[in-house]
Amino acid sequence: GWFISETITRKSTGDITLILEDGKWKFYGNQKGYSAPTVSNMLTCESVNDTTGELIGVKSLFTQSDESVTVFISVNNARNGSIFNVKCYKPDGSLFSENSYTVNWGDYPNCASLNTNLYQSYSFPNYQDIPGFEDVSWDDNIGIWKIEISELGMNILKQITFDVK
């Protein structure tokens with residue numbers, strides 16, 4: 001078949017090469033497109049405005065009056081199809097929550113890397129009103145909590161802590 005090669009530069013993906021082969025376009029990523037993902041921003045807040053994406057009450061110290069904590073993570077060079085794990089650890093070091101996020105930009109090739117924002121909210125356990133759990137106190141929440149993000153099967157990209165008094 002005939003090969004027509006054209007390099008298209010996209011600000012968000014680095015260089016990709018499109019080749020028309022047998023009437024179908026095929027994507028090929030150049031080396032620049034495979035930059036490792038990095039975390040440009042990671043912080044905790046009270047919540048996120050669902051409409052505007054604005055962070056509400058950015059802070060790292062929470063108390064019993066806070067019903068939950070939200071972590072905001074901005075990832076650069078996240079490739080289409082990549083999976084990120086976000087883990088939250090209680091002050092005693094035990095795993096409190098683990099969530100996975102799959103980057104999905106539809107028909108973009110796997111070599112396409114864009115910036116993406118992740119949000120995860122955690123409600124503090126407060127079992128006072130649940131029968132059989134009266135002996136679990138708020139004191140179990142007090143201390144330094146840790147949140148970390150990693151790409152599936154890779155090293156931890158970043159971790160932060162927040163304090164509960």
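One can find the structure itself at the top, above this paragraph.
These numbers come from a predicted model, not from an experiment.

**What to know about the pairing of strand β12 (residues 156-164)**
Here comes step 1: Here two bridges tie strand β6 (residues 61-62) to β12, and the two strands are oriented parallel to one another. Note that in β12 the partner of F62 across the bridge is V164.
Here comes step 2: With eight bridges connecting them, strand β11 (residues 143-151) and β12 associate as antiparallel partners. Residue pairing across strands places E148 opposite Q159, the latter belonging to β12.
Here comes step 3: Counted along the chain from β11 to the antiparallel partner β12, the turn is four residues long, and its residue G153 has a positive phi close to 75 degrees.

**Some words on the sheet that holds strand β7 (residues 68-79)**
Here comes step 1: In space, the four strands of this open sheet follow the order β5-β4-β7-β10, with antiparallel pairing throughout. The sheet is open, and its two edges are formed by β5 (55-58) and β10 (113-123), each paired on a single side. Across the sheet, the mean angle from the axis of one strand to that of its neighbour is 40 degrees, orientation sign disregarded.
Here comes step 2: Inspection of the sheet shows β7 paired to β10 by 10 bridges, in the antiparallel sense. Across the sheet, the residue bridging to T70 is S121, located in β10.

**Regarding the sheet that holds β11**
Here comes step 1: The strand order across the open sheet built from five strands is β6-β12-β11-β8-β9, with neighbouring strands paired in mixed fashion. In the strand order of this sheet, the two ends are held by β6 and β9 (95-102), each with one partner.
Here comes step 2: Bridging between strand β8 (residues 83-89) and β9 involves seven bridges; their strand directions are antiparallel. Opposite Y89, over in β9, you have L95 as the bridge partner.

About the thresholds
Residues numbered from 1 in each chain as written. Predicted model: local features only at pLDDT ≥ 70, side-chain atom pairs only at ≥ 80, totals over all residues. Heavy atoms only, no water. Pairing = 2+ DSSP bridges. Helix = DSSP H or I, 4+ residues; strand = E, 2+ residues; numbered from the N terminus. Axes fitted to C-alpha atoms, helices over the stretch in contact; angles between N-to-C directions.

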